[in-house]
Amino acid sequence: MWGGRFSASPNALMQAINVSIGFDKRLASQDIAGSQAHAAMLAKTGVISSGDAAEIQRGLAAIAEEMAAGTFPFRDEFEDIHMNVEARLRELIGPVAGRLHTARSRNDQVALDFRLWVREACDRSAAQLEGLQQALIGKAAAHADTLMPGFTHLQPAQPVTLGHHLMAYVEMFGRDASRFRDARARMNECPLGAAALAGSPFPIDREMTAKALGFDRPTANSLDSVSARDFALEALSAASIAATHLSRLAEEIVLWMTPQFGFIRLSDAFTTGSSIMPQKKNPDAAELIRAKVGRILGSLTSLTVVMKGLPLAYSKDMQEDKVPTFEAFDALELSLLAMTGMITDLEPNTERMAAAAGAGFSTATDLADWLVRELDLPFRDAHHVTGAAVKRAEQLGVDLADLPLAELQALNQGISEDVFKVLTPAASSASRVSYGGTAPDQVRSQIKRWKDVLR
């Protein structure tokens, strides 16, 4: 490739550290697409003849068929995907293959290929997130009335419904999908034609190649075109946030599967056993999803560190952008699909959840709210009375709903028998009718809204 300047082959160690075909061959389809668009543009602008362009297109089509069939001869001697394709093209059509590289560089070529790959990864992630949302919505619809404890500090706080809890993740994953769509919109500019760093003296049509490859427009600065990797950083940031949401849900599945919680059951399809303890049924899929967050966050950190000190324009350091990005999206895709499977598979233990919903004096806030509504107490006074009621119930070893009326009236004489209507978990949940609350009708309303959004 650079034989005119160099008279000796690189040292074996130089070859080993420099070669990238082992991982950037994943850009093969993007590289072919970019070359096809470039060749068509070169012919239309008269930079190369239509006959040469036709030969190049014929050769590229043959290479695409070889790659689809798994017969393409990837070779380390040609270093990367770009030179592997070019070398094979020369074998197939002869010296005319050399005209394909007119008005471009490997710098804008790899910027294009990688941008195309990340754009597709964002599309896949958004679609997989929507698939997970659909699974969550389906489960939430079946359990809009199913009571469970809501937690703060992992302590019982107030009764909620399982449907409401699951819909919280629908909201999170909806924002995750929108982040991928936003990132895609920002990266949808075509760097092809920036050449090495300064643009091209040939009369190329960058609008034509941008349109052919599905971009909104060409990039506006040739230096930025070949040196920017913020599109990958933004995609990895979105992946990292989505992964933390997956990890939180995975953690809850792990907790809910324990005998101490006993909230859900997973089938054999998403659990594993133990080599020594026959009774075990482990939620390993959830645990592995929880762990993969580290890999995805690590990829974001890795690429950030690579890019943080690079002067314009291209530096070979940027060859290290692909492996962490590929690994992160591989991990995210597997995690999203596995989580979707688990959500579809899990079966709630509704009786256990309902029993836990009233534990820990979870209707105490309902008592305080009743005192405000019915007796016109300032909330802070109602809070004090309720705290005293909880303390007395704890001394007597009963729940608030079982505390004798006389005990409550000793704290405030205005308390009547009606108070017991709000002290059950079901009544508490049903009373939370504010927009976005846990009342079953509100949950169903949000389910309908999301079904409309995803439709």
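Read on for a plain summary of the structure.

## Points about the overall build of the protein
Here is step 1: Assigned secondary structure in the protein consists of 18 helices and six strands.
Here is step 2: Scaling as 2.2 N^0.38, a compact globule of 455 residues should have a C-alpha radius of gyration of about 23 Å, whereas the protein reaches 30 Å, well beyond that.
Here is step 3: Dimensions of the protein, computed from the C-alpha atoms along their principal axes, are close to 100 × 55 × 40 Å.
Here is step 4: For the protein, with 455 residues in total, the buried portion stands at 48%.
Here is step 5: Accessible surface computed for the protein: about 21,400 Å², of which carbon and sulfur atoms make up 54%.
Here is step 6: For the protein, the centre of its 46 positive side-chain charges and the centre of its 55 negative side-chain charges are spaced 3 Å apart.

## Thoughts on the environment of Asp345
Here is step 1: Mapped onto the fold, Asp345 is located in helix α12 (residues 322-345).
Here is step 2: Along the chain, Asp345 and Ala286 lie 59 residues apart, while their C-alpha atoms are 12 Å from each other.
Here is step 3: Beyond its immediate chain neighbours, meaning those up to four positions away, Asp345 contacts Arg265, Leu266, Ser267 and Phe270.

## Section: the nonpolar core
Here is step 1: Membership of the largest hydrophobic core comes to 96 residues, with the highest contact counts inside it found for Phe180, Ile253 and Met339.
Here is step 2: Examining the composition of this core, we find that 16 residues originate from one element, helix α10 (residues 230-257), more than from any other.
Here is step 3: In contact with Met339, other than residues within four places in its own chain, are Leu132, Leu246, Leu249, Ala250, Ile253 and Ile289.
Here is step 4: One finds Ala389, Ala393, Leu400 and Phe420 within the second-largest nonpolar core, a separate group that totals 20 residues.

## What to know about the side chain of Gln446
Here is step 1: Mapping Gln446 onto the fold places it in helix α18 (residues 440-454).
Here is step 2: In terms of polar contacts, Gln446 uses its side chain to reach the side chain of Arg449, at 2.7 Å.
Here is step 3: Beyond its immediate stretch of four places on either side in the chain, Gln446 contacts Met167, Glu171, Tyr435 and Gly436.

## Concerning the pairing of strand β1 (residues 147-152)
Here is step 1: Here β1 runs beside strand β2 (residues 155-161); their pairing, made up of six bridges, is antiparallel. Bridging across to β2, Pro149 finds its partner in Pro159.
Here is step 2: Connecting β1 to the next strand, β2, in antiparallel fashion are two residues, including His153 with a positive phi near 60 degrees.

## Concerning the packing of aromatic side chains
Describing an aromatic ring pair means giving the distance of the ring centres and the angle of the ring planes.
Here is step 1: Evaluated as defined, the whole model comprises ten aromatic pairs.
Here is step 2: Plain terms: the ring middles of Trp256 and Phe263 are 6.4 Å apart, the flat faces sit at 45 degrees to each other, and that makes the pair tilted. Each member of the pair Trp256 and Phe263 is classed as buried.
Here is step 3: Aromatic ring contacts, followed pair by pair, group Phe114, Trp117, Phe180, Phe231, Phe326 and Phe329 into a single cluster.
Here is step 4: When the ring centre of Phe326 is taken as origin, the NZ or CZ atom of Arg26, which lies over that ring, is 4.7 Å away.
Here is step 5: The ring of Phe114 has Lys322 sitting right over it, with the charged end atom 5.7 Å from the ring centre.

## Focus: the packing of helix α3 (residues 28-44) against helix α4 (residues 50-69)
Here is step 1: Taken N-terminus to C-terminus, the directions of α3 and α4 make an angle of 170 degrees; their axes are 9 Å apart at the nearest point. Relative to α4, the element α3 is oriented roughly antiparallel. Listed contacts from α4 to Ala28, Ile32, Ser35, Gln36, Ala39, Ala40 and Ala43 of α3 are Ser50, Ala53, Ile56, Gln57, Leu60, Ala61, Ile63, Ala64 and Met67.
Here is step 2: Split by residue class, the contact of α3 with α4 holds twelve nonpolar, four polar and no charged.

## What about helix α11 (residues 284-307)?
Here is step 1: Helix length check: α11, at 24 residues, gives a terminal C-alpha distance of 35 Å against a target of 34 Å (1.5 Å per residue), a fit within 8%.
Here is step 2: Every buried residue of α11 is accounted for by Ala285, Ala286, Ile289, Val293, Ile296, Ser299, Leu300, Leu303, Val306 and Met307.
Here is step 3: Residues of α11 that are buried sit in contact with α9 (222-227), α10 and α12.

What counts and what doesn't
- Residues numbered from 1 in each chain as written.
- Predicted model: local features only at pLDDT ≥ 70, side-chain atom pairs only at ≥ 80, totals over all residues.
- Heavy atoms only, no water.
- Helix = DSSP H or I, 4+ residues; strand = E, 2+ residues; numbered from the N terminus.
- Rg over C-alpha atoms; globule rule 2.2 N^0.38 Å.
- Buried < 20%, exposed > 50% of the residue type's maximum accessible area, 1.4 Å probe, protein only.
- Areas by Shrake-Rupley, 256 points an atom, 1.4 Å probe, with all protein chains shown as cover.
- Lys, Arg positive; Asp, Glu negative; His and termini not counted.
- Charge placed at Lys NZ, Arg CZ, Asp CG, Glu CD.
- Contact = heavy atoms within 4.5 Å.
- Core = buried A, V, L, I, M, F, W, Y, C linked by side-chain atoms within 4.5 Å.
- Polar contact = N/O pair within 3.5 Å; in protein donor to acceptor, adjacent residues only side chain to side chain.
- Pairing = 2+ DSSP bridges.
- Phe/Tyr/Trp six-rings, centres within 6.5 Å; stacked < 30°, edge-to-face > 60°.
- Lys NZ or Arg CZ within 6 Å of the ring centre and 35° of its normal.
- Axes fitted to C-alpha atoms, helices over the stretch in contact; angles between N-to-C directions.
- Parallel < 35°, antiparallel > 145°, perpendicular 65-115°, else oblique.
- Nonpolar A, V, L, I, M, F, W, Y, C, P; charged D, E, K, R; others polar.
- Expected span 1.5 Å × (residues − 1).

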